[in-house]
Each structure stands twice: as structure tokens, then as C-alpha cells.
Amino acid sequence: MNKNNEPCAPRLDKRLACAANFVREGATVADVGTDHAYLPIALCLSGRAVGGVVTDINKGPIDRASENIKAHGLEHRLCAMLTDGLCGAEKYLPTDITVLGMGGELIAGIISRAEWTKDRRIRLCLQPMTHAEILRKYLADNGYSIVDEALVREDKIYQIIVAEYSGRTEEYTLAELYFGRINIDRGGVELNDLLCSWERILSVRIAGKEGAGERADEERELQRQISEIKNKGETK
Ligand SMILES: C[S@@+](CC[C@H](N)C(=O)[O-])C[C@H]1O[C@@H](n2cnc3c(N)ncnc32)[C@H](O)[C@@H]1O
């Protein structure tokens, strides 16, 4: 609470703050899988977003979101909807859509069920907890171009992907699907640590598969591409 007994703007952690920075000034936001609605509340209170809609498929989270929205006096700017993904959110004409803290497959599914996001004016800010490679592949195959990316370190390294519909399909290498072409080009400590953690994951997977007499061609290829990226980084 501030000195006028009004609740303070929610303090965003680094992951949410990084995603917030990709939302454009004057946005009408749609925050999918909002849970507490901290991100859209902070965006409205800072003036970056004019308003919009928050959705969640579960009643507990959407009730929590509604309470928080009311507590901040934003009920005239943010509407809370109990719905699957973006179903029904189109009527609020969102310009910037945030889908954070869910699996990459689930995020891809949510976008695929909302054909109306194939609109060059709409920006998607996405943060997959797992399977970033499935999400990037979906975007690349379906005409969404990745316009920016970031790696954020908190308890682990999170990937944030910013995409806009361009109608062009894109070819990515395996490593680009997993870690992002823009992230790889930028390099840095977070990228290096992410690559090192994947080297450990891949060693275990390869040992498991090959120990069981199975082929691990994709894992070996990703391992090779990771070494190449790391070697290039060292010679930069
Ligand atoms: C881990 S929380 C993430 C909350 C917030 N977006 C964040 O990143 O801090 C995931 C939320 O997504 C919601 N969710 C899962 N599947 C969904 C779907 N298909 N449509 C809308 N919400 C969904 C869950 O109910 C949950 O509240």
C-alpha cells in the first residue's frame, strides 16, 4: 500500500520485466494464462498499455486476476475472461499478446487456435518454460517471424521470444530452434551457460539412448552445433 492506502504496482521479477519491455507503448494487451495478472496490471499502471484483456483457463487464477485488477482500480481497463487461450480475446482487438510461463507446445497450440493473430499489426511476446524448439518451429512454419529475443537469468535461464506475422516461412538450424538465432548472434554469458546446461542434458540423453541400442542422431547433431557456437564465441 502507498501513503494514500492504495495498492502499489506489482513488482515484476526479471522474467516478467523483460517481457514487459517488449510490449509496445500504447498497446492494448492480451495476457494469456495470466494467473495473478501482475504483468498487465504493471503495464497499465506504468502507462505503457492502455488496457486490454487477461485470460486463464482455470477459475482460481482468473478469480485471483480479477481481484488484483479491482484492487488496483483497473476494472475499466482490463477485462478478465475464463477461457482457453485466446478464445474470445479477439473482440478486445489486442495489439500485443503475452503468453508466458507455459510449455512451448501449449503456447504453439494457443496461437494455432487463434488464426486472427496472423495480422502484421499484432506482436506476440512468448516465454516457453520448456520446448522452445517446438514453439520456434511452429512460428517458422506458420509465417511468424522472430523479431527479437532475450535470455533472462533468475533461478534458471528463461527464453523470451518476440514474433510478428510476416507471411514468410523461415528455415532454422537445430541450434537456432533450441536457443534462437538472435540469441546466438548476440552471444553472452547467459547463452554460454544455457549451452553448457544443454551439453549436460544431451550427454545423459545420448548415453541413455545409445546404451539401450537406439540412435541419438538429433542429440549428436545438436551437440555438434553447440560446440561450433561455443568455439566461434571464443574466437570472436
Ligand atoms: C505458471 S502460470 C504462469 C502465470 C504468468 N503468465 C507468469 O508467467 O507468471 C500458467 C497459467 O496458465 C494457465 N493456463 C494453462 N493452460 C491455459 C490455456 N490453455 N489457456 C489459458 N490459460 C491457461 C494456468 O491456469 C496458469 O494460471
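Presented here is a report on the structure given in the accompanying data block. (Residues numbered from 1 in each chain as written. Predicted model: local features only at pLDDT ≥ 70, side-chain atom pairs only at ≥ 80, totals over all residues. Heavy atoms only, no water.)

1. Section: the pairing of strand β2 (residues 49–56)
So, point 1. Counting buried positions along β2 gives seven out of eight residues, so the element sits mostly inside the fold.
So, point 2. Handedness of the crossover joining β2 and strand β3 (residues 78–82) through helix α3 (residues 59–71): right-handed. (Buried < 20%, exposed > 50% of the residue type's maximum accessible area, 1.4 Å probe, protein only. Helix = DSSP H or I, 4+ residues; strand = E, 2+ residues; numbered from the N terminus. Right-handed = clockwise from strand over helix to strand, strands pointing away.)

2. Some points on the nonpolar core
So, point 1. By size, the foremost hydrophobic cluster in this structure holds 27 residues, and its most contacted members are L86, I97, V99, I111, L126, L135 and L139.
So, point 2. Every element with two or more residues in this core is listed here: β1 (27–32), β4 (96–102), α4 (104–112), β5 (123–128), α5 (132–141), β6 (144–153) and β7 (157–165).
So, point 3. Ignoring any residue separated from it by four or fewer positions in sequence, one finds L126 in contact with V99, L100, I107, I111, L135, L139, Q159, I160 and I161.
So, point 4. By size, the runner-up hydrophobic cluster in this structure holds 26 residues, among which are C18, V23, A150 and V162. (Core = buried A, V, L, I, M, F, W, Y, C linked by side-chain atoms within 4.5 Å. Contact = heavy atoms within 4.5 Å.)

3. Focus: the packing of α4 against α5
So, point 1. Orientation of α4 relative to α5, taken along the N-to-C sense of each, is 25 degrees, at an axis distance of 7 Å. By the criterion of interaxial angle, the relationship of α4 to α5 is roughly parallel. The handedness of the crossing between α4 and α5 is right-handed. Contacts from G104, E105, I107, A108, I111 and S112 of α4 reach α5 at I134, L135, Y138 and L139.
So, point 2. Taken together, the residues of the contact of α4 with α5 sort by class into seven nonpolar, two polar and one charged. (Axes fitted to C-alpha atoms, helices over the stretch in contact; angles between N-to-C directions. Parallel < 35°, antiparallel > 145°, perpendicular 65-115°, else oblique. Left-handed = near helix turned anticlockwise from the far one by under 90°. Nonpolar A, V, L, I, M, F, W, Y, C, P; charged D, E, K, R; others polar.)

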